[in-house]
Amino acid sequence: MGQVTALECVRCGRSYREDEVLYTCPSCGPSGILDVVYDYEALEANGFGPERLAANPDRTHWRYLDLLPIAPGAALPPVPVGGTPLFQLPDLAERLGVVEMWIKDEGRNPTGSFKDRASSVAAVKARQLGFQTVCCASTGNAASSLAGFSAQLGLTAFIFVPEFAPEEKIAQLLIFGATVFVVKGSYLDAYELCSEAATTLGWYNRSAAINPYAIEGKKTGGLELGEQMAGRMPDWVSVSVGDGCTIAGIWKGLKELRRFGVIDRLPRMLGTQAKGAAPLVQAWRSGEEQWASVEANTVADSISVGQPRNGLKALRAVRESGGVLVEVSDDQILAAEADLAAHGVFGEPAGVTGLAGIQQARWSGLVGPDERVVHVMTGSGLKDAASARRAADREPTVIEPSLGAVQAALEAAR
Ligand SMILES: *Cc1c(COP(=O)(O)O)cnc(C)c1O
Ligand SMILES: [Zn+2]
């Protein structure tokens, strides 16, 4: 496992040894996000490849330990992550006007979101690096997930969330035993404060945007999706974009699978941002690798990111794949939440934003009618009940406990 050869800066290309640097490139500063580089040849020489993967009975994301930055013998958290279902919804395909529509339901992870893939790896890494205390700034899911894995590994967790974080996510943090700071301010404020506290107080910072290992965990989403779709790779893989680690991680995983011959072609990546937090869409349109930060404002709290930290990796993933980045309104997001639920899957706003993006891309002709699409549904709808109530746009009927009352209510509803 863990044939890491270097940490490479995405801005200046400098390489560092794993023990030389903790988060970002010392020469570029916080925008110098590091990419974990592996010795694929050595892995291959050690027998890693399609046969070994196929023979591995482990259905959790630890089946990809060979491609993760974890040293042999590390204690792994016992609650399984990954192995999430991937299934077709033919009626939804028809509604969206595509030939096949697949959902990869990441809401089935132990704390209810895709973030479990990243937090589990970061928590193991924290222990390995000798930290007893971890911290994280998050709009909610990364934090609740880190809290869940800290509980399993006996780590102390300090969490910084912005005021708009949904109640359900705060409850998750508290029940998993984390200390929670609700920061009076935006996600950006929470993020800055967390970084400062980590540096000053000696905590390990899991904030996905700067932590080079979190994205390696997210990579397992791409590895798993690729294995599940081997031999029938879709034309598009769709996911919502906040900081950009999720889309970049999935892309990296897919590329690794092709490198090892598990899949023979790559899909195009369709990234969707919410209109109220779409700096990467702006960069995408202008063809730049820079973006201006915006005042984020969207119902999709998990992607309410005004200053994406991993935008460079995200933009490159989309460009390399021949994909696109689109933006959708909050109304479109809530409509997508209701639409998907009408087909039996309940996602939080950020979990369905990519679905609204598919619809948008279909309308504008970016996605064609003969194309096959996978949407990575990143978070459970139970994470944010208030948004679900808005999306449902209907109210329960309060009645007396009598059949007459039921009949009267049915009559009134006619
Ligand atoms: C974090 C998150 C995303 C976006 O991931 P980024 O790495 O920030 O782009 C999407 N959906 C959900 C549910 C999330 O929690
Ligand atoms: Zn650099």
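Refer to the structure above for everything that follows.
Residues numbered from 1 in each chain as written. Chains lettered and ligands numbered in written order. Predicted model: local features only at pLDDT ≥ 70, side-chain atom pairs only at ≥ 80, totals over all residues. Heavy atoms only, no water.

A few points about helix H13 (residues 349-363)
Piece 1. Relative to the 21 Å expected for 15 residues at 1.5 Å per residue, H13 spans 21 Å between its end C-alpha atoms, a close match to the ideal helical length.
Piece 2. Of all 15 residues in H13, twelve are buried, a share of seventy percent or more.
Piece 3. Within H13 the residues assigned to the buried category are Pro349, Ala350, Gly351, Val352, Thr353, Gly354, Leu355, Ala356, Gly357, Ile358, Gln359 and Ala361.
Piece 4. Following H13 by one or two positions, glycine 365 adopts a phi angle in the positive range, close to 85 degrees. (Helix = DSSP H or I, 4+ residues; strand = E, 2+ residues; numbered from the N terminus. Expected span 1.5 Å × (residues − 1). Buried < 20%, exposed > 50% of the residue type's maximum accessible area, 1.4 Å probe, protein only.)

Quick look at the coordination of the zinc ion (ligand 2)
Piece 1. Every protein donor of the zinc ion (ligand 2) is accounted for by Cys9 (SG), Cys12 (SG), Cys25 (SG) and Cys28 (SG), and the metal-donor separations fall at 2.3 Å.
Piece 2. Each of the four donor atoms around the zinc ion (ligand 2) contributes to a set of angles spanning 105 to 115 degrees, which defines the coordination as tetrahedral.
Piece 3. Motif for the zinc ion (ligand 2), donor spacing along one chain: C-x2-C-x12-C-x2-C. With a gap of 13 residues between them, cysteine 12 in the loop between strand E1 (4-9) and strand E2 (15-16) and cysteine 25 in the loop between E2 and strand E3 (34-38) connect regions that are remote in the sequence.
Piece 4. Since its relative accessible area comes to 1%, cysteine 25 is described here as buried. (Donors = N, O, S within 2.8 Å, 3.2 Å for Na, K, Ca; no water. Tetrahedral: all angles 85-135°; square planar, octahedral: opposite > 155°, others 65-115°.)

A word on the pattern of salt bridges
Piece 1. Summed over all chains, the structure comprises 27 salt bridges.
Piece 2. For arginine 389, the salt bridge is made with glutamate 395, and the minimal N-O distance between the two is 2.9 Å.
Piece 3. Arginine 389 sits in the partly exposed class, given a relative accessible area of 48%.
Piece 4. By relative accessible area, glutamate 395 is classed as exposed at 60%.
Piece 5. For arginine 414, the salt bridge goes to glutamate 411, with nearest N and O atoms at 3.6 Å.
Piece 6. With a relative accessible area of 49%, glutamate 411 lands in the partly exposed category. (Salt bridge = Lys/Arg side-chain N within 4 Å of Asp/Glu carboxyl O.)

Overview of the packing of helix H12 (residues 330-341) against helix H14 (residues 385-392)
Helix-helix packing: each pair is described by the crossing angle between the helix axes and the interaxial distance.
Piece 1. Contact geometry for H12 and H14: axes closest at 8 Å, N-to-C directions at 85 degrees. Taken as axis vectors, H12 and H14 run roughly perpendicular relative to one another. Residue-level contacts link Leu334, Glu337 and Ala338 of H12 to Ser387, Ala388, Arg390 and Ala391 of H14.
Piece 2. Its residues assigned to classes, the contact of H12 with H14 shows four nonpolar, one polar and two charged. (Axes fitted to C-alpha atoms, helices over the stretch in contact; angles between N-to-C directions. Parallel < 35°, antiparallel > 145°, perpendicular 65-115°, else oblique. Contact = heavy atoms within 4.5 Å. Nonpolar A, V, L, I, M, F, W, Y, C, P; charged D, E, K, R; others polar.)

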